[in-house]
Amino acid sequence: QKEVEQDPGPLSVPEGAIVSLNCTYSNSAFQYFMWYRQYSRKGPELLMYTYSSGNKEDGRFTAQVDKSSKYISLFIRDSQPSDSATYLCAMSARLGSARQLTFGSGTQLTVLP
Amino acid sequence: NAGVTQTPKFQVLKTGQSMTLQCAQDMNHNSMYWYRQDPGMGLRLIYYSASEGTTDKGEVPNGYNVSRLNKREFSLRLESAAPSQTSVYFCASSEVRATEAFFGQGTRLTVV
């Protein structure tokens, strides 16, 4: 069983829809919870991160963490065609003096005009 | 404003050939990482270097070696390439205890 499970999609929605992306995890040592966005043929870029359970909002994006259920979500409001990308959840734990990121497999999102 | 630069961007190798993937960062980060990305598998850590002079194995190190040449540069070497190493390779860097990792554009490697 993978430490981080993410529905790979693909997910296709009309412009303006609310998008919900989810990941579950099994390792209680994870401390930070992140969402990366990856456009086609590009490297991942950090979209948002949270440290504790609860919600964090940034513009049209809301990240939600439920540590008791080991479940994280990313909500995108008023989705735009420019949001079309692969979204990767990632979780961070200490790895010696560095941080290890464990990634989900990614959900491919297409927002149709 | 380069960030993390990887070379080459594309490469085709024959089975058994060797090659080195280069990575350089200009953000003065201490930690650097090599990941591979395969369909349905997400990003998996190959090797990492927490700071200059140290390297450690990640989740999938077999068939690879790394060198942390200096604070800026971290290279990944395939000594004898195999078709199973066909993948997209990403280099990343971060501060030692930072949350955010910055990724390069990737190297698309095909082993035939």
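About the thresholds
Residues numbered from 1 in each chain as written. Chains lettered and ligands numbered in written order. Predicted model: local features only at pLDDT ≥ 70, side-chain atom pairs only at ≥ 80, totals over all residues. Heavy atoms only, no water. Phe/Tyr/Trp six-rings, centres within 6.5 Å; stacked < 30°, edge-to-face > 60°. Lys NZ or Arg CZ within 6 Å of the ring centre and 35° of its normal. Contact = heavy atoms within 4.5 Å. Salt bridge = Lys/Arg side-chain N within 4 Å of Asp/Glu carboxyl O. Polar contact = N/O pair within 3.5 Å; in protein donor to acceptor, adjacent residues only side chain to side chain. Nonpolar A, V, L, I, M, F, W, Y, C, P; charged D, E, K, R; others polar. Helix = DSSP H or I, 4+ residues; strand = E, 2+ residues; numbered from the N terminus. Pairing = 2+ DSSP bridges. Axes fitted to C-alpha atoms, helices over the stretch in contact; angles between N-to-C directions. Buried < 20%, exposed > 50% of the residue type's maximum accessible area, 1.4 Å probe, protein only.

Caption draft 1: Molecular detail of the packing of aromatic side chains. Per the counting criterion, the structure on display carries 13 aromatic pairs over all chains. An aromatic cluster is built from A:Y36, A:F103, B:Y33, B:Y35, B:Y48, B:F90 and B:F103, whose rings are joined through pairwise contacts. The ring of A:Y49 carries A:K56 above its face, with NZ or CZ at 4.4 Å from the centroid. The aromatic ring of A:Y51 is capped on one face by A:K67, whose charged end is 5.4 Å from the ring centroid.

Caption draft 2: Highlighting the interface of chain B and chain A. The interface of chain B with chain A comprises 23 residues on the first partner and 22 residues on the second. One can count 0 salt bridges joining chain B with chain A. At the junction of chain B and chain A, the tally comes to 2 residue pairs in polar contact (both at pLDDT 80 or more). Taken together, the residues of the side of chain B that touches chain A break down into 13 nonpolar, 7 polar and 3 charged.

Caption draft 3: Region of the structure containing the side chain of B:H29. Position of B:H29 among the secondary structure elements: in the loop between β3 (19-25) and β4 (31-38). Apart from the residues lying within four places of it in its own chain, the contact partners of B:H29 are B:R68, B:K71, B:S93, B:S94, B:E95 and B:F102.

Caption draft 4: Inspection of the sheet that holds strand β1 (residues 4-6) of chain A at higher detail. Residue and element names in this part refer to chain A. An order of β1-β3-β8-β7-β6 is seen for the 5 strands of this open sheet, with the pairing classed as antiparallel. Two strands close off the open sheet at either side, each with one partner strand: β1 and β6 (54-58). Each adjacent strand pair in this sheet contributes to an overall mean axis angle of 15°, direction not counted. Relative to strand β8 (residues 71-76), strand β7 (residues 61-66) runs antiparallel, the two being bridged by 6 bridges. Bridge assignment links A63 to a residue of β8, and that residue is L74.

Caption draft 5: Just the pairing of strand β11 (residues 107-111) of chain B, in detail. Residue and element names in this part refer to chain B. Alternating residues of β11 divide into T107, L109 and V111, all buried, and R108 and T110, none buried. Sheet topology places strand β2 (residues 10-13) next to β11; 4 bridges connect them, and they run parallel. For F10, the partnering residue across the bridge sits in β11 and is R108. Here 3 bridges tie strand β9 (residues 87-94) to β11, and the two strands are oriented antiparallel to one another. Bridging from a neighbouring strand, S87 pairs with L109 of β11.

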